[in-house]
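# Report on the structure
Read off the chains here:
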Amino acid sequence: MEVTRMSSTASRTYLDQFPAEAKVIKAAFWSSFMALAIGGLLGLVQALHRTDVLRFIDPADYYTVLTAHGVLLAITFTIFFLVGIFTWAVTTSLDRGVVDIRFTWAWYIMMVVGTILVGVSILGGVVDAIPTYADVLFTFYAPLQAHPAFYVGLVLFVVGSWLAGADWFRTWWAWRKENPDERIPLPTFMALTTTLFWYLCTLGVALSILVFLLPWSLGIVDSVNPLLTRTLFWYFGHAVVYFWLMPAYMMWYIMLPKLSGGKLFSDPLARVVFVLFLLLSTPVGIHHQYLDPGIAEGYKFIAMTNTMFLLLPSLLTAFTVVASMEHGARQRGGTGYLGWLKALPWRDPVFTGMALAGLMFAAAGFSGMINAGMNINYLVHNSWWVVGHFHLTVGTAVALTFMAAAYWFIPQVTGKALWSRQLALGQVLLWFVGMTFMSNAMHRSGLFGMPRRTAEPQYQGFNFEPAVGTVGEINAQVALGAVLLTVALAMFLLNMVLTSFNDDSDSLPANTYAGTLSGPEDSPAVLDNLKLWTAIAVVLVIVGYTLPLASIVDSGGLFGPDISGFQLAIETDPALVLESVREVMP
Amino acid sequence: MASATEQSETDQVREIGHEEYDPIGTAILIGIYFLILVLLWLFMYFVEFLGNGPTVVGALLTVVGLA
Amino acid sequence: MNIHTYEKAWLVAAMVLIVGFIATITYGAVGPGIAMIDDDAGSIDPNEISDHERFGETGVEHLGGNEYEVNVVAQAWSYSPSEIEVPAGSEVTFYVTSRDVTHSFTVVGTNVNTMVVPGQISEMTVQFDEPGEYGILCNEYCGEGHHTMEGLLTVVPEDEFDLTELSTDAPREVEAGNETTINATVSNGMQDGLETTATLEIGEQQYERDVTIDGEGSAELTFDVDTDALGEGEHDWTLTVDDHEESGTLSVVSGTDGGDTNE
């Protein structure tokens, strides 16, 4: 039972429509899958190590592994998939190709080069032949200092993504000339608003790297202000989570209704939601710094208020998407108050994967609400609770949606039918089960103080005291969950590889997305005024960040009080450690 | 409306337009979600957080304490 | 815009939820008085920590009444001091800074938790009502030994707590018949005066001395020991002031065996 339209005469895949673009998208997807494969496997190594189930790496190498896991999954996997989906969304919904395919390849290659630079400099942490050090984790807080190649690679990757955004805008401008009076099609609208806040937020991290961290790692400047670069990181660091979430939202809005057999409940509300994300994604980063010294409580409160209102678009999305699914189910014959749920196409891995991802996101929404709360942050800050939270968001809402979407997209861009729907269905279910074990246990252990980012959280002087259960039981659940997730990951990759070699190219679905019950004609034209929303977003950022940044620079100086870089390795630089110990000896 | 939007469904048994559609099931589900959020929030804040032993307090409490 | 009634209702409910969350957090700030780490304690040059008035000497300091200050320096991969003792029923203000990279100062199983950013001083005031023992850990990655960074915070019953320090200066060996003294310095780290008794036990003998020390003061005590009464041989001694004890051994030797060494 295929949900999408299947009549072979009318059916045109994306490959048939845009063969040149399909090649770039396919390349972006495979870059994304490779990051997922490596990053995911490293996740298993960490889960087994820190729970003391199986330790075969040096504890010092744990942090190299963790850096690679974070960067590959949070940045590389998500953003490569995003550029693929957005390129698909813009070209499909505008029904025209990109303006210049060479430009499209250029940004893709730039992102690949950036990724390789970052990847190799991280690898230097465990391979002696590579003289780089980048055990600075995904957040690269100064004065931990990475090799310049790490920062250069990040810049190339981000600039590549900027050019991708420019590509989508160019395509849209070209379309607008041909269609001056038409509303922006919803998928393009989503891609453009997301790109706009990406430009806004990456300014912070670009500033942090280009003005401070890179010159500092090259020895051009001697010192940095750690609180300033940290604040600039989080200026970007929260918006980036919405950046990688938006393609998943796009899938829920324009694919889930179609897969359910219905239509998107409301186009206007979908536009409102994306406008809200454009406005509010950036001036909230200080909620990652609730426990930082040097930032006044008032600024933290403002960041909290913005963050709490950022719940609104997600809560609206929950309603609109579920209502669209219900519409599909009722059109397929579903009845009753909740009986319609049975009429949904649960045997379709694309649908089920996305629906389960959405369900997990509802749970993630709750732990996110706790994280957004200012003073309750004392309870959960930097604990394993937070790790549990973002394994539900980026690790499931995003990753599972992407994997489910890949079951539809890879046939679209390769012209080859999915190798096994049964394997795909089993895969999305297994991911859901594995993540339930792992994330639930992580959340619980954060509540009794289990720290995140810690190789061996078994301490000499004290024990953790869970109110319910034991540390051993929680660790067992995390390890079990990680194993199940790794198996699910292997099933996904196997299916993708075999699909690429599949000879069967019959009965491919057409390249379509969901229609709307209440269409763009119902939504005020002002929603499409991107200049207006960008201007308001800039004002909100200025309001939210000017005073905190000014006070940080005022108290700590633009370049800090002579703070040099640290590469704190046990074996490579014992003198440094010894010296710092000696200094405090009475 | 772009041409790529889905126009019809192969296994559709009926067409339901915007005016005749009330997402009652969604309303029920989202109501349940709302209740879960409220109850868990109260539990997390007042039991897990405020019950979690010593907490960082400001000058405000000192004033109250001395008064 | 054409929004369904149910969705309008949900919009209202969502706003109620958001406002309710903000209201709860605000209640936590004004009701139980939970304060956030902020910029009150100012900045610091990490290279000057050892000369800093606050962090030159780390540890617990009494401010008067039930108020204490604890000054802590975090560095890769330890805290100075690594063990902290405060009394129950106290109000303790922690000042924490970092000598190198970003750390945290996190008291396990409590809501006492702050980032420690180099160049900044984290200040937090905490009331400890009940005795207890808590681990301290660093929850911000700070290099390869990050997971070994820990400390201990002990809240002792009020009557078992003081900031008295006792040190002694006594000869190891004395010639029989010679006069000798065991000297002690008792310092009182509390702001309040200290009235207590110092007791020296040596062999069968016992000496007692009443001690009165002002707040933030110290006293020198001298015990004259009668070596004749002790007789030749090894004599263990113990000097006790409240719960603090110092002990040693005094050898009384015959005149030909050696002199009065004091090392």
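What counts, and at which threshold
- Residues numbered from 1 in each chain as written.
- Chains lettered and ligands numbered in written order.
- Predicted model: local features only at pLDDT ≥ 70, side-chain atom pairs only at ≥ 80, totals over all residues.
- Heavy atoms only, no water.
- UniProt positions renumbered as here; feature names shortened; annotations may be inferred.
- Patch = residues over 30% accessible without salt bridge, like charges linked within 9 Å, V, L, I, M, F, W, Y side chains within 5 Å.
- Areas by Shrake-Rupley, 256 points an atom, 1.4 Å probe, with all protein chains shown as cover.
- Salt bridge = Lys/Arg side-chain N within 4 Å of Asp/Glu carboxyl O.
- Helix = DSSP H or I, 4+ residues; strand = E, 2+ residues; numbered from the N terminus.
- Buried < 20%, exposed > 50% of the residue type's maximum accessible area, 1.4 Å probe, protein only.
- Pairing = 2+ DSSP bridges.
- Axes fitted to C-alpha atoms, helices over the stretch in contact; angles between N-to-C directions.
- 1 Å grid on protein atoms, 1.4 Å probe; cavity = no way out; pocket = protein on both sides within 12 Å on 5 of 7 lines; lining within 4 Å.
- Points joined across faces, edges and corners; volume = space filled by probe spheres on them.
- Nonpolar A, V, L, I, M, F, W, Y, C, P; charged D, E, K, R; others polar.
- Domains from an automatic or database assignment.
- Contact = heavy atoms within 4.5 Å.
- Buried area = accessible area lost by both parts, 1.4 Å probe.
- Polar contact = N/O pair within 3.5 Å; in protein donor to acceptor, adjacent residues only side chain to side chain.
- Parallel < 35°, antiparallel > 145°, perpendicular 65-115°, else oblique.
- Left-handed = near helix turned anticlockwise from the far one by under 90°.
- Phe/Tyr/Trp six-rings, centres within 6.5 Å; stacked < 30°, edge-to-face > 60°.

An unreviewed UniProt entry annotates chain C as Cytochrome c oxidase subunit II of Natrinema pallidum DSM 3751. Comment text from UniProt for chain C, heading Subcellular location (unreviewed entry), reads "Cell envelope".

If you look chain B up in an unreviewed UniProt entry, it shows as Ba3-type terminal oxidase subunit CbaD from Natrinema pallidum DSM 3751.

## Some remarks on a nonpolar patch on the surface
On the surface, Ile-32, Ile-36, Leu-39, Leu-40, Leu-42, Phe-43, Phe-46 and Val-47 of chain B together with Tyr-27 of chain C cluster together to form a nonpolar patch covering roughly 790 Å² of accessible area. Ranked by residue count, the leading element in the nonpolar patch is helix α1 (residues 24–49) of chain B, at eight residues. When you line up the elements, Ile-36 of chain B lands in helix α1. Looking at Ile-36 of chain B, the relative accessible area reads 42%, which means it is partly exposed.

## With respect to the UniProt feature "domain: Cytochrome oxidase subunit II copper A binding" (unreviewed entry) in chain C
Within the UniProt annotation, "domain: Cytochrome oxidase subunit II copper A binding" (unreviewed entry) is assigned to residues 65–167 of chain C. Regarding residues 65–167 of chain C, the helix share stands at 0% and the strand share at 58%, and the terminal C-alpha atoms are separated by 26 Å.

## Some words on the sheet that holds strand β14 (residues 194–202) of chain C
Residue and element names in this part refer to chain C. The strand order across the open sheet formed by five strands is β12-β18-β17-β14-β15, and the pairing between neighbours is mixed. Both edges of this open sheet fall to β12 (173–175) and β15 (205–213), since each of them pairs with a single strand only. Adjacent strand axes in the sheet meet at a mean angle of 25 degrees when their direction is disregarded. Across three bridges, β12 lies against strand β18 (residues 244–253) in parallel orientation. For Val-174, the partnering residue across the bridge sits in β18 and is Val-252.

## Looking at empty space enclosed by the protein
Applying the stated criterion to the full structure yields five cavities of 30 Å³ or more. For the largest cavity, the calculated volume is near 90 Å³. Surrounding the largest cavity, 17 residues form its lining, Leu-379 and Gly-449 of chain A together with Thr-106, Thr-110 and Asn-113 of chain C being those nearest its centre. Contributing elements (two or more residues each) for the lining of the largest cavity: α14 (377–380) and α16 (421–447) of chain A together with β6 (103–107) of chain C. Within the lining of the largest cavity, the residues separate by chemical class into six nonpolar, 11 polar and no charged.

## Things to note about the domain arrangement of chain C
All names here are of chain C. The domains assigned to chain C are domain 1 (1–34), domain 2 (46–160) and domain 3 (164–253). Facing the four residues of domain 2 at the interface are four residues of domain 3. A buried area of about 360 Å², summed over both sides, lies between domain 2 and domain 3, and 48% of it is on carbon and sulfur atoms. Looking at the side of domain 2 facing domain 3, the largest losses of area belong to His-62, Tyr-68 and Glu-160, adding up to 78% of the total buried there. Our count for the domain 2 to domain 3 interface comes out at zero salt bridges. Summed over the shared surface of domain 2 and domain 3, the result is one residue pair in polar contact (both at pLDDT 80 or more). When grouped by side-chain class, the residues that make up the side of domain 2 that touches domain 3 number two nonpolar, two polar and no charged.

## A closer look at the side chain of Asn-511 of chain A
Checked against the element boundaries, Asn-511 of chain A lands in the loop between α17 (471–500) and β2 (516–518). Among the polar contacts made by the side chain of Asn-511 of chain A, one reaches the side chain of Gln-17 of chain A at a distance of 2.7 Å. A distance of 3.1 Å separates the side chain of Asn-511 of chain A from the side chain of Thr-92 of chain A, its partner in a polar contact. Sequence-distant contacts of Asn-511 of chain A, that is, excluding residues within four places in its chain, are made with Arg-12, Thr-13, Tyr-14, Gln-17, Trp-88, Thr-92, Trp-408 and Gln-412 of chain A together with Ala-4 of chain B.

## Observations regarding unusual backbone geometry
Following Ala-142 of chain A, the chain continues into Pro-143 of chain A via a peptide bond in cis, with omega recorded as 5 degrees. Turning to its location among the elements, Pro-143 of chain A is positioned in the loop between α4 (101–123) and α5 (148–178). In the Ramachandran plot, Phe-140 of chain A falls in the positive-phi region, its phi being about 30 degrees despite a non-glycine side chain. With respect to the helices and strands, the residue Phe-140 of chain A is situated in the loop between α4 and α5. Relative accessible area serves as the criterion here: at 6%, Phe-140 of chain A is assigned to the buried category. At Glu-216 of chain C, a position not held by glycine, the phi torsion is positive, near 60 degrees.

## Regarding the interface of chain C and chain A
Contact with chain C, which involves 68 residues of that partner, is made by 80 residues of chain A. For the pair chain C and chain A, the summed buried surface comes to about 6,300 Å²; carbon and sulfur atoms form 66% of the total. Per-residue buried area on chain C facing chain A is highest for Met-36, Tyr-141 and Glu-144 of chain C; these three make up 14% of the total on that side. Residue Glu-140 of chain C is joined to Arg-453 of chain A by a salt bridge in which the shortest nitrogen-to-oxygen separation is 3.2 Å. If you look at where chain C meets chain A, you find 24 residue pairs in polar contact (both at pLDDT 80 or more).

## Examining the interface of chain C and chain B
Contact with chain C, which involves 28 residues of that partner, is made by 26 residues of chain B. Among the residues chain C hides against chain B, the three largest losses belong to Tyr-6, Trp-10 and Asn-111 of chain C. Together they make up 24% of the total. The tally of links between chain C and chain B comes to zero salt bridges. When contributions to the side of chain C that touches chain B are tallied by element, the ones reaching two or more residues are α1 (5–30) and β8 (122–128) of chain C. For the side of chain C that touches chain B, the class distribution of residues is 17 nonpolar, 10 polar and one charged.

## Concerning the environment of Phe-448 of chain A
With respect to the secondary-structure elements, Phe-448 of chain A resides in the loop between α16 and α17. As a C-alpha pair, Phe-448 of chain A and Thr-139 of chain A span 309 residues in sequence and 24 Å in three-dimensional space. Leaving out residues up to four positions away in the same chain, Phe-448 of chain A has contacts with Phe-464, Glu-465, Pro-466, Val-471 and Ile-474 of chain A together with Val-108 and Gly-109 of chain C.

## Here's the deal with the packing of α16 of chain A against α17 of chain A
All names here are of chain A. Interaxial distance between α16 and α17 falls to 8 Å at its minimum, and their mutual angle equals 155 degrees. Here α17 runs roughly antiparallel to α16, going by the angle between their axes. Between α16 and α17 lies a crossing of left-handed hand. Here the contact of α16 with α17 is built from residues that sort into 22 nonpolar, eight polar and two charged.

## Some thoughts on the UniProt feature "transmembrane region" (unreviewed entry) in chain B
Following the UniProt record, one finds the feature "transmembrane region" (unreviewed entry) at residues 24–47 of chain B. Within the segment residues 24–47 of chain B, helix and strand shares are 100% and 0% respectively, and the terminal C-alpha atoms sit 34 Å apart.

## Considerations on the pattern of salt bridges
All names here are of chain A. With the rule as written, the count across this model stands at 13 salt bridges over all chains. Arg-55 is paired through a salt bridge with Asp-52; the nearest N and O atoms lie 3.4 Å apart. The exposure class assigned to Arg-55 is partly exposed, which follows from its relative accessible area of 29%. Relative accessible area serves as the criterion here: at 45%, Asp-52 is assigned to the partly exposed category. Of the charged contacts, one joins Asp-292 and Arg-230 as a salt bridge, the two residues approaching to 2.6 Å between their closest N and O atoms. Of this pair, Asp-292 sits in the loop between α10 (267–280) and α11 (297–309) while Arg-230 sits in helix α7 (residues 226–237), and the two are 62 residues apart along the sequence. We classify Asp-292 as buried; its relative accessible area is 0%. One salt-bridge network, in which partners are shared between bridges, spans Arg-183, Asp-267, Arg-271 and Asp-528.

## A closer look at the sheet that holds strand β16 (residues 218–226) of chain C
Residues and elements named next belong to chain C. In space, the three strands of this open sheet follow the order β11-β13-β16, with antiparallel pairing throughout. Edge positions in the sheet fall to β11 (164–169) and β16, since each has one partner strand and no second. For this sheet the average axis-to-axis angle between neighbouring strands, irrespective of direction, equals 20 degrees. Relative to β16, strand β13 (residues 179–188) runs antiparallel, the two being bridged by nine bridges. By the bridge assignment for β16, Ala-184 is matched with Leu-221.

## Thoughts on the packing of aromatic side chains
Residue and element names in this part refer to chain A. Enumeration according to the criterion identifies 58 aromatic pairs over all chains in this entry. Taking the centre distance of 5.2 Å and the plane angle of 40 degrees together, the rings of Tyr-14 and Phe-18 count as tilted. Given a relative accessible area of 0%, Tyr-14 falls into the buried group. Their ring planes at 80 degrees and their centres at 5.4 Å tell us that Tyr-62 and Tyr-63 sit as a pair that is edge-to-face. On the basis of relative accessibility, which here comes to 2%, the residue Tyr-62 falls in the buried class.

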